[in-house]
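# Secondary and tertiary structure notes
This is what each chain is made of:
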Amino acid sequence: MKLITLQAPLSGYLMPLERVPDPVFAQKMVGDGIALDPISNSLLAPCDGQVAQIHPAHHALTLTTADGLELLMHIGLDTVSLKGVGFEPVVNTGDQVKQGDPLIHFDADYVATHAKSLLTMIVVTNAERVAELKPHSGGVTAGEGMILAVTLNGGQVDTEEKTFEPVVSEAIIIPNHNGLHARPAAVLANVSRKYQAHVHLQKGSEQANAKSVVALMNLNVQHNDHVKLIARGPDAHEAIHTLSPMVAQGLGEEGAAPVSAPASVSVAEINAPAPRPRSDDPNLMLGVTASPGLAVGHIFQVRHATIKVIETASDAQQEQERLYQAIEVAKIELEALQARLHTEADPAKAAIFAAHQELLTDPDLLDMTHSAIAKGKSAAFAWKTAINTQADSLARLKNELIAARANDLRDVGRRVLQHLTGTEAHRVEAPANAILVAEDLSPSDTANLDRSKVLGFCTTLGGATSHVAILARSLDIPAVAGIDPRALDLKNGTPVVLDGSKGALRLNPSGEEIARIRDQQQKQAAKRQTDLAHAAEPAITGDGHRLEIVANISGLADAEQIARLGGEGVGLLRSEFLFLERTSAPGEDEQADTYAAIARTLGPDQPLVIRTLDVGGDKPLPYLPIPHEDNPFLGERGIRVGLDRPEILRTQLRAILRAASAGKVMVMFPMISTLAEWRAAKAMLEEERRKLNTPAIPVGIMVEVPAAAVLAEQFAREADFFSIGTNDLTQYTLAMDRGHAKLAPQVDGLNPAVLQLIAQTVKGAHQHGKWVGICGGIASDPQAVPLLIGLGVDELSLSLPAIPAIKAQIRALSLNQCQALAQKALTLDTAGEVRGLVSNE
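To start, this report covers the structure provided alongside it. Note that this is a predicted model, so its numbers are computed, not measured. (Residues numbered from 1 in each chain as written. Predicted model: local features only at pLDDT ≥ 70, side-chain atom pairs only at ≥ 80, totals over all residues. Heavy atoms only, no water.)

### Here's the deal with the packing of aromatic side chains
Centre distance and the angle of the planes are the two values used to describe a pair of aromatic rings. Under the defined criterion, the tally for this structure stands at three aromatic pairs. Ring centres of F87 and F106 lie 6.4 Å apart, and the angle between their planes is 35°; this geometry places the pair in the tilted category. You can see F87 sitting in strand 8 (residues 87-89) and its partner F106 sitting in strand 10 (residues 102-106), a full 19 residues away along the chain. The exposure classification of F87 matches that of F106, with both residues buried. Relative to W678, the ring of F669 lies with its centre 6.4 Å away and its plane at 65°, an arrangement referred to as edge-to-face. Residue classification places F669 among the buried residues on the basis of a relative accessible area of 0%. (Phe/Tyr/Trp six-rings, centres within 6.5 Å; stacked < 30°, edge-to-face > 60°. Helix = DSSP H or I, 4+ residues; strand = E, 2+ residues; numbered from the N terminus. Buried < 20%, exposed > 50% of the residue type's maximum accessible area, 1.4 Å probe, protein only.)

Here it is, written out as structure tokens:
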């Protein structure tokens, strides 16, 4: 072992790194070392060595000793934003320096008044070389006082790389305005070191070790640079899966959540998607339900080949014409696909590809592409860049529903790109009895699956609200999203059981297990047919208690299916479907015509409950700008947006009032948390009703915030009805994001705390003769139904496919038994205990 002593590079006062008011340094993500509060203005070499790197902003420098120790000296906090002003390097990269030689002069007065702090950090970035590090304390004089004693270990860490196939990310555009300077580079290196795989960041033809802060900074990655992550090793897929979105989101900068956790929490846990649920059983891989059902088959891996493009072109006019022709061909293909799906009587799937046609004419997308072509880029390169930029921006959004549209945009982009490059369209050619595994499937892939061969699929990306999941449910094919990335390493032909209902993939099932599942499948298929045959019968329990069973829908195509499935109306029309994927808000006439058409489809006696526009910082619209919020779920969202932008809400309320004559129309306001919000929204509705001179219509609230449930009795004095949105109510009650991959399994609407709030809402409403519905996910959950009945809920608003089965289940229940079960559930401690209670009955 060898001892290296480091002398003070500046005069001033030493302080522990933990006290630096910047978590990246305080949590030692860059490495271990010491901080110095300077009173001099010339940075000196703390030891002999070679200048390995000087940051382009001249505020940081790395020195490498002859023994391989890497020292980062970083002058000030957030000084990268000064872009070099106030700093004057006096050495160059590659220079050999002696201890005490000047490295950087800086204007201390300028830096102190224009940056967050003058604190200077001296950090060892390759901690694997260090056996012991002893920091000193007190005041020091530049070039004289000792600051650190570093004992090196016996040798270099063995970095021999095993032979693994590389895993490469999609191209990532760097969002950091100052590029990958020390702080974001440290975050990337810190998280990369958690993986056994060798991880590199590639920029053009150059690569850097992603576990080395110095190497990353030497790569000189700037704002808007295109980079890729490459990993080789046993956990390469997981590394890429975690690191890619982190880099795309800025590694803690530019809109990502600030890094402000205690030292025991890593930035990866704050700013990156958490690890997927994992099982201790090596033969079980977990994800989230995208489409229910069971399938027994064999693994078939699906990979999309990267379409290569030429970056530049000499004739911009010719490139513009090529782009126009490719888009027109893509439109014709989508029209044909849409027509085929209409012919197959599947309007829901057809509507997805109608939305894809709209994306082809998106003005922002076309403007970005035309601009790049005008600057000498090829049509293919310009289109691909524009698609990736827009899709990456969507994918970074916190709202799962809108973020899921990124896959639709990439699907449309790939369709056009194939025509621009002459690449043959990819089609999944699966063998018989296939369970597909992919990072993601496009809607086009899914709609064209050969159902005679493909029994189910799972993806490492995506979620339950993606169009792929919607298509899977309409195809009645089991699917799991967010599956453990290890699934990508499974060999083709591996026997598996896919359980879409449980979000699980079971490997190497036994013969007995396969026989049991096949028997279960046959029974389930027979039951579905029986339930559908009796779907028109009312949902009345064995002892005579009736529930109204209605549907959650997102448009006219859904409404047309309700009667066939036994639905008795609409408990939630998500009016957002009219506002999404467009560049301006729908007008009053368009909205009124759409709402009236749905009401007429249902008939005069079936209710149509229309929820007013529910958007916010987590669900942005291009024509409704909302300032960035650190936590949009606790900011301007739901009714708050409508009250703040009354022109949008008033237009929608007039459209709803005009459509009311076409049927039994009701209106409800989302995310109501205070009586003041409720009264302001209701007053606005009444003002518009008087202007139009139309009859009054029932008006209610969504109970999605605990405050509304707690004050249910007060609200019931004024509101006509309640609809409990258990998805949001659950996450607000438990303070857990339902889109968080790590916490999602705990976000369960059968948690006793949520059940208590439902019970409180029902009690308050019934005191004033008002009805209560459930329109959240648990209304379609067979384990929740007996409890909801027992708690006194009057209406269940379900996803369309669930209606026949839930109605059949209710007819087999007893109100008295449900009431006893619900009261017992309220006394339990966990959602797991509640589910166990129901399962044992």
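Still to come is the rest of the account.
### Things to note about the pattern of salt bridges
The full count for this structure, using the stated rule, is 31 salt bridges. A salt bridge links K691 to E688; the nearest nitrogen and oxygen atoms lie 3.4 Å apart. Residue K691 and its partner E688 are both found in helix 21 (residues 675-692); the two are separated by three residues, about one turn of the helix. Note on K691: relative accessible area 62%, which makes it exposed. Between D781 and R835 there is a salt bridge; the shortest N-O distance is 2.9 Å. (Salt bridge = Lys/Arg side-chain N within 4 Å of Asp/Glu carboxyl O.)

### Some thoughts on the sheet that holds strand 9 (residues 96-97)
With antiparallel pairing, eight strands are arranged side by side in an open sheet as 9-5-6-7-11-3-2-13. Every interior strand has two partners, whereas the edge strands, strand 9 and strand 13 (138-140), have only one. Note that strand 5 (residues 49-54) and strand 9 share two bridges and pair antiparallel. Among the inter-strand pairings, G49 is bridged to a residue of strand 9, identified as V97. (Pairing = 2+ DSSP bridges.)

### Structural notes on the pairing of strand 5
Moving residue by residue along a regular strand, the side chains alternate between the two faces of the sheet. Pairing geometry for strand 5 and strand 6 (residues 60-64), over four bridges, is antiparallel. Bridge pairing in strand 6 places Q50 opposite T64. The loop that links strand 5 with its antiparallel partner strand 6 comprises five residues; one of these, H58, has a positive phi angle of about 65°.

### Considerations on helix 29 (residues 831-840)
Buried within helix 29 are the following residues: A831, V834, L837 and V838. Along the axis of helix 29, the buried residues cluster in a sector spanning 120°; they form a single face. With respect to the buried face of helix 29, the exposed residues turned more than 90 degrees away are G832 and N840. Residues of helix 29 that are buried make contact with helix 25 (752-767), helix 26 (785-791) and helix 28 (815-825). (Arc of directions from axis to C-beta. Contact = heavy atoms within 4.5 Å.)

### A word on the environment of D37
Structurally, D37 is set in strand 3 (residues 32-38). Once residues lying within four places of it in the same chain are set aside, the contact partners of D37 are S11, G12, Y13 and L119.

### Topic: the sheet that holds strand 10
Strand pairing in a sheet relies on backbone hydrogen bonds, with the paired strands running either antiparallel or parallel. The antiparallel open sheet is built from three strands, whose spatial order is 4-10-8. The outermost strands of the open sheet, each flanked by one partner alone, are strand 4 (42-44) and strand 8. Taking each pair of neighbouring strands and ignoring which way they run, the sheet shows an average axis angle of 20°. Pairing between strand 8 and strand 10: three bridges, direction antiparallel. (Axes fitted to C-alpha atoms, helices over the stretch in contact; angles between N-to-C directions.)

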